[in-house]
Amino acid sequence: MRNLQICSWKPWHLKVRNTLDEQVDALCLDTERNVVLLASEAAEITAVSADCHQVTWQKDMGAGRLKDLAYLLEQEAVCCCCASGEIILIHADSLELEEVGAVEGGIAAAAWSSDGALLVILSCHGQLLMLNQDWDILAEVQLEDGVEAPAAIAWRGDGKHFATLSRQHAGGGTKLRTWSREGMQEVAEGHKADGLLPVLAWQPNGRHLYTAQRDAHGQRVLLYELNGLQHGSFNVSGPGTITDMHWSADSQLLAIILTTSASSQAQHTSRGASRVQIWHRSNWHWYLKADKPFKAEACGVTAKWDEEQPLRLHLCSGIGGYRQVDFAWQPTVSARGTAAVVDGCRLLLTPLRLSVIPPPLCSLPASLPAPISHLAFCDHGSCEAVAVLLSDGRLGVFKSREADS
């Protein structure tokens, strides 16, 4: 019966040299130097100190849009996998550029393993490649004759398996596959589902693989096992299409980004209004614990959970508005013993002095017109009240009718 409270919301507008046609659309972290790295559509990399929140350096790659941005701790370099096929390193000390490889036909998706030892690339020609830090090709598999971008790759937290989500050229179906690290052997092909979006997020503890689906009935997040079998789902409400998902390091919170724009079905191409939702599962029920809308002027949102502080979320808008958000878990119980649990647009109330009901059940579900952001109890002597601040800025107040209700 805990709620997620925002204990720190620090916004800064960064001096990123970009225009509305060259928005920030990728983000990664250099935990060694405590630096946030941002990439624009024009492949300009900006390093921002998380301590003083100042831009420390900028580098123009001149190579077009990126498909993956990662900091390699052992090499002390930023690795940029470009859509055009180049793999370029920016050495952190000298800021020199080094092209270490190129993929024929371009890159549809790329992702480093959690230990930073292996890079998996899916080319637009349908080739799946596995490289090490010496840029040797360890394995190569031909998936299809061609892959439509965007595609997606996600590693499991222990680095023993990864997953790919790709769509064939000429209207072919979207396929979800899981792979083993050793020899890059295919483990399974995911249970077929229509309307899959190019979004993948593997829970760091390895429990489930998550992807998104959109059809005439709405959109939802699908859970898959390593063996390709679907294992549940939950609906995602709110305007916009799911364009990205990220798990916190402790596997407790799932950040989902929704974007309302004509191009929102393509990863990191948002131009319209966005919102960030934070979900949490308990007792096999999915709770929407936080919902933060961003106006269209923000030109999309990119998110990344902190690798060392699992309740810290890094956000950056397309125009360079950076936010560092710190959450905290807090039980919300009044002086009279009434528990309140936030679940999106519902406030789940249970007077514990009268009854003990296991969640997700409650004594009284109160519905509101927008997701709940904050709440607080007040004792009026003969009765008690709870005030809720909604994500759209409106305020709601509930008051008990009787002293013992």
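From a predicted model like this one, the values you see are computed outputs, not experimental measurements. (Residues numbered from 1 in each chain as written. Predicted model: local features only at pLDDT ≥ 70, side-chain atom pairs only at ≥ 80, totals over all residues. Heavy atoms only, no water.)

A. Representation of the pairing of strand 34 (residues 395-399). Note that strand 33 (residues 384-390) and strand 34 share 5 bridges and pair antiparallel. Bridged to Val388 within strand 34 is Gly396. Linkage of strand 33 to strand 34, two consecutive antiparallel strands, is achieved through a turn of 4 residues, within which Gly393 is found at a positive phi near 95°. (Pairing = 2+ DSSP bridges. Helix = DSSP H or I, 4+ residues; strand = E, 2+ residues; numbered from the N terminus.)

B. The arrangement of the environment of Ala42 in detail. Summarising the element assignment, Ala42 is placed in the loop between strand 3 (35-40) and strand 4 (44-49). Considering only alpha carbons, one finds Ala42 and Ala63, 21 residues apart in sequence, at a separation of 7.4 Å.

C. Structural view of the environment of Ala339. Inspection of the secondary structure assignment puts Ala339 in strand 29 (residues 338-343). Distance from Ala339 to Arg2, taken between C-alpha atoms, is 9.1 Å for residues 337 residues apart in sequence.

D. Representation of the pattern of salt bridges. One pass over the full model with this rule turns up 13 salt bridges. Where Arg156 meets Asp158, a salt bridge forms, and the shortest distance between an N and an O atom there is 2.7 Å. Assessed through its relative accessible area of 14%, Arg156 is described here as buried. Through salt bridges that share partners, Asp30, Glu32, Arg33 and Asp93 make up one connected network. (Salt bridge = Lys/Arg side-chain N within 4 Å of Asp/Glu carboxyl O. Buried < 20%, exposed > 50% of the residue type's maximum accessible area, 1.4 Å probe, protein only.)

E. Broad picture of the pairing of strand 14 (residues 147-155). Taken together, the 6 bridges between strand 14 and strand 15 (residues 161-168) define a ladder with antiparallel strand orientation. By the bridge assignment, Val147 is partnered in strand 15 with Gln168. Linkage of strand 14 to strand 15, two consecutive antiparallel strands, is achieved through a turn of 5 residues, within which Gly159 is found at a positive phi near 75°.

F. Structural detail: the sheet that holds strand 18 (residues 196-202). Spatially, 18-19-20-21 is the arrangement adopted by the 4 strands of the open sheet, whose pairing is antiparallel. Of all strands in the sheet, those with a lone pairing partner are strand 18 and strand 21 (230-235), marking the two edges. Between one strand axis and the next, the sheet turns through 25° on average, direction left out of account. When strand 20 (residues 218-224) meets strand 21, the two strands line up antiparallel, connected through 4 bridges. Directly across from Leu222, in strand 21, lies its bridge partner Ser233. (Axes fitted to C-alpha atoms, helices over the stretch in contact; angles between N-to-C directions.)

G. The side chain of Ser248, seen in detail. As for its placement among the helices and strands, Ser248 is situated in the loop between strand 22 (241-247) and strand 23 (254-260). Residue classification places Ser248 among the buried positions, given a relative accessible area of 0%. Reaching out from Ser248, the side chain makes a polar contact with the side chain of Asp250 at a distance of 2.6 Å. Within the structure, the side chain of Ser248 is placed 3.3 Å from the backbone nitrogen of Gln252, a separation counted as a polar contact. Among residues more than four places away in sequence, those in contact with Ser248 are Pro204, Leu253, Trp305 and Pro310. (Polar contact = N/O pair within 3.5 Å; in protein donor to acceptor, adjacent residues only side chain to side chain. Contact = heavy atoms within 4.5 Å.)

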